[in-house]
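Listed below, chain by chain, are the residues.
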Amino acid sequence: MWAIEKPSVQAAMSDVEKFRKLGIIDDKDSQALEHLVEQYDQQDGVVSEVQNNTVSSKGRDALLEHYTDTEKGKELNYIRQELNEGVYKCPYCSIGQPETLDHYMPKSKYKSLALCRLNLIPMCWGCNRQKGHTHPFTEYIHPYYLKIPIGMVFLQADIQIDNKTLVVCFVIDETALNDKNIAKQLKTHWANMNMDERLRKSVINFLHSEVLSESDEEDTIADEIDKLKCHIEKGYGLNNWRSALMRALSNEMKGLNRNSVMEALVHMKRINRNTKI
């Protein structure tokens, strides 16, 4: 969740040469696009309108028109295939699988970047629909350029009990980040993607499949939570929602609310025997 490995600039440059050979853009626009790719990377995934428009109007329109060539069976499908390789969860939500590509800077306005792989993010359809064009792209994180120090934990989960029901809320810890701009972007991203609402079912499904699948015994469940916390953090990263949830559960197992949280977990398992989620 959040950050994924950035495509190489060299691969993006090779794409530009491919566009030239296919006649999508001419030599002059090819040079302008190569420079734009360099600027995009040096500026951490953002260019100005002036920079975008160094490619001619004809070239920009052609790049946008040929974006459909990244679809299956078409000339530029290799770009889509290479970007999706090794990405198993949507970096925007870590709920769904990446089934489409999103233009971080919208292709409607930044046509020169319509085929730039540095601007194309593997994404699930849920996030693609949620992102839309309602909010400025700057309110969303850029998974290729998000810089979070190794070991920093900024996503926390808060667990409450309501009538034997586990209620989980997630919080971006601004004090941990020490960067107001990144904190603001993470918070707007979370809100714009409607993450709290979208995670309600995912949290329940995760608890059933990972935490409550083996036993009703409280000691077994508590042991499983500690084991899973380390496993999940290692596999998904410290700031994945699953990791935040397991940290919170592990802390609750050691705190004053252990009995009420455990009661809610056991209750959840028992009612699920007769109820499909």
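See the structure shown above.
Note that the coordinates shown come from a computational prediction; the quantities given were computed from them, not determined experimentally. Note that residues are indexed from 1 along each chain, following the sequence as it is written. For this predicted model, a pLDDT threshold of at least 70 governs which residues receive local features, and a threshold of 80 or more governs which side-chain atom pairs are given and counted, while totals over whole chains, interfaces and linings are taken from all residues. Values reported for side chains reflect all heavy atoms of the structure, with hydrogen atoms and water molecules removed beforehand.

Any Lys or Arg side-chain nitrogen found within 4 Å of a carboxyl oxygen on Asp or Glu counts as a salt bridge. Inspection of every chain in the model, using the stated rule, returns 17 salt bridges. The salt bridge involving Glu71 is made with Lys74; its shortest N-O contact spans 3.9 Å. Here the term buried applies to any residue with accessible area under 20% of the maximum for its type, exposed to any over 50%, and partly exposed to those in between, with areas from a 1.4 Å probe on protein chains only. Classification of Glu71 by relative accessible area gives partly exposed; the value is 39%. Among the residues examined, Lys74 registers a relative accessible area of 39% and is labelled partly exposed. One network of salt bridges, with partners in common, ties together Asp15, Glu82 and Arg117.

So, about the nonpolar core. Judged by nonpolar contacts, the single largest core of 83 residues is most densely connected at Leu166, Phe170 and Leu249. Only heavy atoms enter the contact rule, under which two residues are in contact if any of them lie within 4.5 Å. Contact partners of Leu249, with chain neighbours within four places excluded, come to Ile159, Leu166, Leu207, Ile225, Val261 and Leu265. Only buried Ala, Val, Leu, Ile, Met, Phe, Trp, Tyr and Cys residues count toward a nonpolar core, and they belong to the same one when joined by side-chain atoms within 4.5 Å.

Attention shifts here to the pairing of strand β3 (residues 155-162). Where β3 and strand β4 (residues 165-172) come together, 8 bridges link them in antiparallel fashion. What sits directly across from Gln156, in β4, is Val171. Following DSSP output, two strands are said to pair if at least two bridges run between them. By the criteria applied, helices consist of DSSP H or I runs no shorter than four residues and strands consist of E runs no shorter than two, each listed in order from the N terminus. Joining the antiparallel neighbours β3 and β4 is a turn of 2 residues, in which Asn163 adopts a positive phi near 55°.

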